[in-house]
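Residue-level structural notes
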Amino acid sequence: MRRWYRPAAAAVFFICALVSFGARCEPKREPRLIGFNVIAAPDHPFGSASAKLALASAKRVGANAIAVVPFLWQASPASPDLVRGKDMGDDELRAAIRDVHALGLAVLVKPQVWVPRSWAGAIAMKSDAHWQQWFANYRSKLNRIAHIAEDEKADALAIGTELAGTSQRPEWNELIGDVRNLYSGRLLYVAHNIGEAEKVSFWSRLDAIGVTLYPPLGADNDRAGRRARMRAMADRLDALSARTGKSIIVGEIGLRSAKGAAAKPWEGVEERASAPDPKLQADVLADWLDALDRPSIRGILIWRWFTDPDAGGLNDTDFTVQGKPAEDVLMCAWTQQCEQNQAGGPPR
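Worth saying up front: this structure is predicted, and the values here are computed from it rather than measured.

As for helix α9 (residues 325–335)
Burial analysis of α9 places 8 of its 11 residues in the buried class, the great majority of the element. Listed in full, the buried residues belonging to α9 are P325, A326, E327, V329, L330, M331, C332 and W334. Considering only its buried residues, α9 is in contact with β1 (33–39), α2 (49–61), α8 (278–291) and β11 (297–306). Backbone geometry just after α9 places Q336 at a positive phi near 65°.

Notes on the layout of surface pockets
Looking at the largest pocket, its volume works out to about 730 Å³. Counting residues per element, the ones that place at least two in the lining of the largest pocket are β6 (112–114) and β11. Element by element, the count of residues in the lining of the largest pocket is highest for β6, at 3 residues. Each residue belonging to the lining of the largest pocket can be placed in one class, and the counts come to 13 nonpolar, 5 polar and 7 charged.

Things to note about the environment of G299
Turning to its location among the elements, G299 is positioned in strand β11. C-alpha separation for the pair G299 and R32, spaced 267 residues apart in sequence, amounts to 5.3 Å. In contact with G299, not counting residues within four places along its chain, are R32, L33, I248, I249 and V250.

As for the sheet that holds strand β3 (residues 71–73)
Read from one edge of the open sheet, 3 strands run β4-β3-β6, paired in mixed fashion. Only two strands of the sheet have a single partner each, and these edge strands are β4 (83–84) and β6. Across 3 bridges, β3 lies against β6 in parallel orientation. Bridge assignment links W73 to a residue of β6, and that residue is W114.

Topic: the environment of D235
Mapped onto the secondary structure, D235 falls in helix α7 (residues 223–244). Sequence separation between D235 and R294 is 59 residues; the distance between their C-alpha atoms is 9.5 Å.

Here we look at helix α4 (residues 128–151)
Under the 1.5 Å per step criterion, the end-to-end length of α4 is 34 Å for 24 residues, consistent within 8% with the ideal 34 Å. Buried within α4 are the following residues: W131, W134, F135, Y138, R139, K141, L142, N143, I145, A146, I148 and A149. Of the residues flanking the end of α4, it is K153, one or two places downstream, whose phi is positive at about 60°.

Some points on the nonpolar core
By size, the foremost hydrophobic cluster in this structure holds 87 residues, and its most contacted members are F36, I66, Y138, I159, Y189 and L292. A total of 9 residues in this core trace back to one element, the largest contributor, which is α4. Judged by nonpolar contacts, the second largest core, of 12 residues, contains A65, A67, V190 and I249.

Section: the sheet that holds β11
Sheet strands pair via backbone hydrogen bonds, and the direction of the pair is either parallel or antiparallel. Taken in spatial order, the 8 strands of this closed barrel run β1-β2-β5-β7-β8-β9-β10-β11, and their pairing is parallel. Taken pair by pair, the neighbouring strands of this sheet meet at an average axis angle of 25°, ignoring direction. With 5 bridges connecting them, strand β8 (residues 186–192) and strand β9 (residues 208–213) associate as parallel partners. Directly across from Y189, in β9, lies its bridge partner I209.

Concerning the state of the cysteines
On inspection of all chains with the given rule, the structure shows 1 disulfide. Here C332 connects covalently by a disulfide to C338, the sulfurs 1.9 Å from one another. Torsion about the S-S bond of the C332 and C338 cystine: about 85°, corresponding to right-handed handedness. Classification of C332 as buried rests on a relative accessible area of 18%.

Points about the pattern of salt bridges
Here the idea is simple: oppositely charged side chains can pair when their charged atoms come close. According to the stated counting rule, one finds 23 salt bridges in the structure shown. In this structure, the salt-bridge partner of E198 is R236, at a minimum N-O distance of 2.7 Å. Here R236 lies in helix α7 and E198 lies in the loop between α6 (193–197) and β9, a separation of 38 residues in the sequence. Take R236: its relative accessible area is 38%, and that puts it in the partly exposed class.

Cut-offs and rules
- Residues numbered from 1 in each chain as written.
- Predicted model: local features only at pLDDT ≥ 70, side-chain atom pairs only at ≥ 80, totals over all residues.
- Heavy atoms only, no water.
- Buried < 20%, exposed > 50% of the residue type's maximum accessible area, 1.4 Å probe, protein only.
- Helix = DSSP H or I, 4+ residues; strand = E, 2+ residues; numbered from the N terminus.
- Contact = heavy atoms within 4.5 Å.
- 1 Å grid on protein atoms, 1.4 Å probe; cavity = no way out; pocket = protein on both sides within 12 Å on 5 of 7 lines; lining within 4 Å.
- Points joined across faces, edges and corners; volume = space filled by probe spheres on them.
- Nonpolar A, V, L, I, M, F, W, Y, C, P; charged D, E, K, R; others polar.
- Pairing = 2+ DSSP bridges.
- Expected span 1.5 Å × (residues − 1).
- Core = buried A, V, L, I, M, F, W, Y, C linked by side-chain atoms within 4.5 Å.
- Axes fitted to C-alpha atoms, helices over the stretch in contact; angles between N-to-C directions.
- Disulfide = S-S within 2.5 Å.
- Salt bridge = Lys/Arg side-chain N within 4 Å of Asp/Glu carboxyl O.

Any functional reading would require information beyond the geometric quantities listed.
Here is the structure:
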């Protein structure tokens, strides 16, 4: 049985969040898993003084957990030649886990595949031979990450993130078995939106259901419409949890602090130029927190936070909440330390 990281407050939160409903978990009704996906920024590697400062700032906002994201890379959606990304080597991954634990926070190691000019959900091979090659490469890279997660006592490991074009493949069953032999902590898979999550067949072999939430939310000023869409999404997550007996971890929610971002919350800076709108980001995240406040949802991780402590700011149009009204919204929700007019006015 794994000896969980101590001091155990955050780790206990994480363990309780990940166990299936009906299982015993003491102490009961601990706070949910809350925090950020933290991305290594250029010149601010995990283990550096600046990265440690950025992680401490995330804790100050109220995070009790951090998702560390090592990237894998392939040249195109149809390429089976998957390799480890250059953003985070083994030593840096170890440093990330250690630095997060040093702050008393729980760690989810959450690998993601980067596909230039595309995304992980588009991955699709052109033959069974290429599928076998892709899974062999993916298994090799994931097993290496799982070995490090075990050595460093990471609190949980995602076996994949948003690999929607692969998740119906039978190879996942053998892959899960391999990872179980290497890693004794909690396992989850992070599906792309509720649509993929409802189709995954291997939830019974994992400890929790992970999901990213980037549905279209309509016009920036249509708050009633987006809140209705969010409630409908949360209702479907409730139903999935009830059907599978698994708790839900929202592995990503977020949007850019940019005008027009509500219509396509997944859209990156490189896809569309736009004027800054930090208030929109703050309002939408506040609405998400409200919609997802239900017993089946035991964790929420915001996309994203950088290891650069000076990232973000009011003129930035990226996803990060650093130095923006959304940071204050999260601090208010997570710590009850609230500033008046934190989002700059009434929600839209």
